[in-house]
Amino acid sequence: MKEVILIRFGEIFLKGKNYFYFENTLYKNIVWRLKNFNLKVVRTEGRFIVSDFSPNQKEEIIDAIKHIFGIVSISIAYEIDSKVEAIYQIMKEITLDNTTFKVEVNRADKKFPMNSMELARELGHLLLEQNPTISVDVHNPKKVVHVDIRQNGKTYIFYDKIECLGGMPVGTAGESMLLLSGGIDSPVAGFLMAKRGLKINAIHFHSYPYTSEQAKQKVIDLANIIKKYTGDINLYIVPFTKIQEEIHKKCDDEYMVTIVRRFMMDIAERVAKTNNCNSLITGENLAQVASQTVEGITSTNKMAKDLVIFRPLIAFDKVEISKIAEKIGTYDTSILPYEDCCSVFLPKKPVTHPKLDRVEKNEKELDRELLIKEAIDNIEILHIR
C-alpha cells in the first residue's frame, strides 16, 4: 500500500475520436508543471496517478496540480492491488469515530468479481463491525469512503475530492494574443480563455514617459501571476508614445480613444499573426467605459481583418470580474495606482457612438503604416517563465 495522488478529468471524455490528443496534451501539461519534483506520473484508463513523491512536498505538488486546466478533481488515495482480500484488509485498518458514513464503489474494471453494490454493502458491514460508534447514512453522510477499482489492476481508497479548475488543457485550442493592460479585466479575460484551451501570449502598450516604469512592471507582475494557470507567456511590450502623440496632435479630441484602440487592435493582430496566434483576447465589457459601446467595439473590430477577437467578459459586471480577479490572485496588483496608456491624453468627453466615416477621416491625417512599423520594430519581448 502506498500513498498517491489521483487525478481526474472531465470534458475530455466528450471528444470522441480526438480524445487521445486532449489526454496526451493534459498529460504533457501535468508532467511539465511537475518537472521540478522528483516523482512519477502514469496514465491509467480515465485517470492520471502521481506517485513516488516526497511526503514533505505533497502540499506543493497538490497546489501545482490545482492550477492545471483540464483537471476537475484530485484525491489523496491509498493504492492497493485489486483483490477482494486486499480491499477487505485495508477496510479493517480504517478508523472512524462518532460519525455517519457510506461506501461508494466505482468498478471501472468489470472483471473484478463483485459488482459495485455488492462490494459497497460488504465493505459497509466491515466498517460497522470495526467501528461501533458509527452509523450508515446513504443520503447525507459526514464521511464517504471511496473505492475506485481501475483497469490497471489497482484499487484506490480515499475520502475526499479536492475540486480543481476544470476546462480544457492549455494548448488544445491553439495560441492567442491577449491585450494585457494593468487593469482588473484583461488578466481575468486571459485566465478564462486559457481555461478553454488557448495558449496565452500577451501584448502591452507602454507610453513612457507618460506612463511610468512602475506601470510596465505592474503588467509584468500580472503576467507572472497568471502564468501559473496559463503556462509560460511571451510578453510583447509595444512603445506607443509616438502614436499617441501623433493622434493627440492631429485628430479630433473626442475621437482620440477610439483611434488609439484601433491602432492597438491593428498592431496586436499583426504581432499575433507573426507569432502563430490564431486569435486575439481583450478584457472589454459592454458599456463599461466610453470606448466599449456597441459602436466603439464595432469600430475597433474592423481593424482585426483576419483573426477572431474573444471578449469573454463582455456580459460580466464589475463585481463578477473582481471576484474572479481576487480568486486567481490578480486583483491586488491590478488596483495598484499606476496608470496604463489608455489614460494618456484622455479627452474630457470621449465619443460614445463614433461614426466610422469620421474615424477614418481623422486617421487619414496620420501616417499609419510608418507609425505602426516603427512601433513593431522596437517591441521589447519578455519571456515570462
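What you see is a predicted model, and the numbers here were worked out from it, not measured in a lab.

The rules we used
Residues numbered from 1 in each chain as written. Predicted model: local features only at pLDDT ≥ 70, side-chain atom pairs only at ≥ 80, totals over all residues. Heavy atoms only, no water. Axes fitted to C-alpha atoms, helices over the stretch in contact; angles between N-to-C directions. Helix = DSSP H or I, 4+ residues; strand = E, 2+ residues; numbered from the N terminus. Left-handed = near helix turned anticlockwise from the far one by under 90°. Contact = heavy atoms within 4.5 Å. Core = buried A, V, L, I, M, F, W, Y, C linked by side-chain atoms within 4.5 Å. Buried < 20%, exposed > 50% of the residue type's maximum accessible area, 1.4 Å probe, protein only. Salt bridge = Lys/Arg side-chain N within 4 Å of Asp/Glu carboxyl O. Phe/Tyr/Trp six-rings, centres within 6.5 Å; stacked < 30°, edge-to-face > 60°. Lys NZ or Arg CZ within 6 Å of the ring centre and 35° of its normal. Pairing = 2+ DSSP bridges.

*Asks:* I'd like a rundown of the packing of helix α3 (residues 84–92) against helix α4 (residues 116–130), residues and numbers included.
*Replies:* Running from N to C, α3 and α4 cross one another at 30 degrees; their axes reach a closest spacing of 9 Å. Handedness of the crossing formed by α3 with α4: right-handed. Only L119, E122, L123, L126, L127 and Q130 of α4 make contact with α3, whose side of the interface consists of I87, Y88, M91 and K92.

*Asks:* Can you lay out the nonpolar core for me, pointing to particular residues and giving the numbers?
*Replies:* Counting residues in each nonpolar core, the largest one holds 34 residues, and the members touching the most others are I203, I247, F263, I267 and L280. Mapped by element, the contributors of at least two residues to this core are β10 (175–179), β11 (199–206), β12 (233–239), α7 (241–250), α8 (256–274) and α13 (368–377). The residues contacting I247, other than those within four sequence positions of it, are M256, I259, V260, F263 and L366. Listed in part, the 30 residues of the second largest apolar core include I200, I281, L313 and A325.

*Asks:* Which residues make up the pattern of salt bridges, and what values go with them?
*Replies:* Counted by the stated rule, this structure contains 27 salt bridges. D252 is paired through a salt bridge with R358; the nearest N and O atoms lie 3.1 Å apart. Of this pair, D252 sits in the loop between α7 and α8 while R358 sits in helix α12 (residues 356–363), placing them 106 residues apart in sequence. Taking relative accessible area as the criterion, R358 reaches 33% and is therefore assigned partly exposed. Across the pair D306 and K273 runs a salt bridge whose closest N-O atoms are separated by 2.5 Å. A residue pair is termed long-range when its members are at least 10 positions apart, and D306 in the loop between α9 (294–301) and β14 (308–310) and K273 in helix α8 qualify at 33 residues. Classification of D306 by relative accessible area gives exposed; the value is 54%. Accessibility expressed as a relative area gives 43% for K273, which makes it partly exposed. The network of salt bridges with common partners includes R262, D266, R270, E363, R368 and E369.

*Asks:* Give a description of the packing of aromatic side chains that names residues and reports values.
*Replies:* According to the stated counting rule, one finds eleven aromatic pairs in the structure shown. Joined through ring pairs, the aromatic side chains of F9, F13, Y19, F20, Y27 and F48 make up one cluster. Against the face of W32 rests K35, its NZ or CZ located 4.1 Å from the ring centre. When the ring centre of F263 is taken as reference, the NZ or CZ atom of R368 above it lies at 4.2 Å.

*Asks:* How would you summarise the sheet that holds β10 if you had to cite specific residues and measurements?
*Replies:* The strand order β14-β13-β10-β11-β12-β15 describes an open sheet built from six strands, whose pairing is mixed. The sheet is open, and its two edges are formed by β14 and β15 (380–384), each paired on a single side. Each strand axis lies, on average, 25 degrees off the axis of its neighbour in the sheet, ignoring direction. As defined by bridge partners, β10 adjoins strand β13 (residues 279–281) across three bridges and the pair is classed as parallel.

*Asks:* Would you mind going over the pairing of strand β3 (residues 47–51) in detail, with residue names and values included?
*Replies:* Residues in a regular strand point their side chains to alternate faces of the sheet. For β3, a buried count of five out of five residues is recorded, marking the element as mostly surrounded by other parts of the structure. The alternating pattern of β3 places R47, I49 and S51 and F48 and V50 on opposite faces, both of which are buried. With four bridges joining them, strand β1 (residues 2–9) and β3 adopt antiparallel strand pairing. Bridge assignment links R8 to a residue of β3, and that residue is R47.

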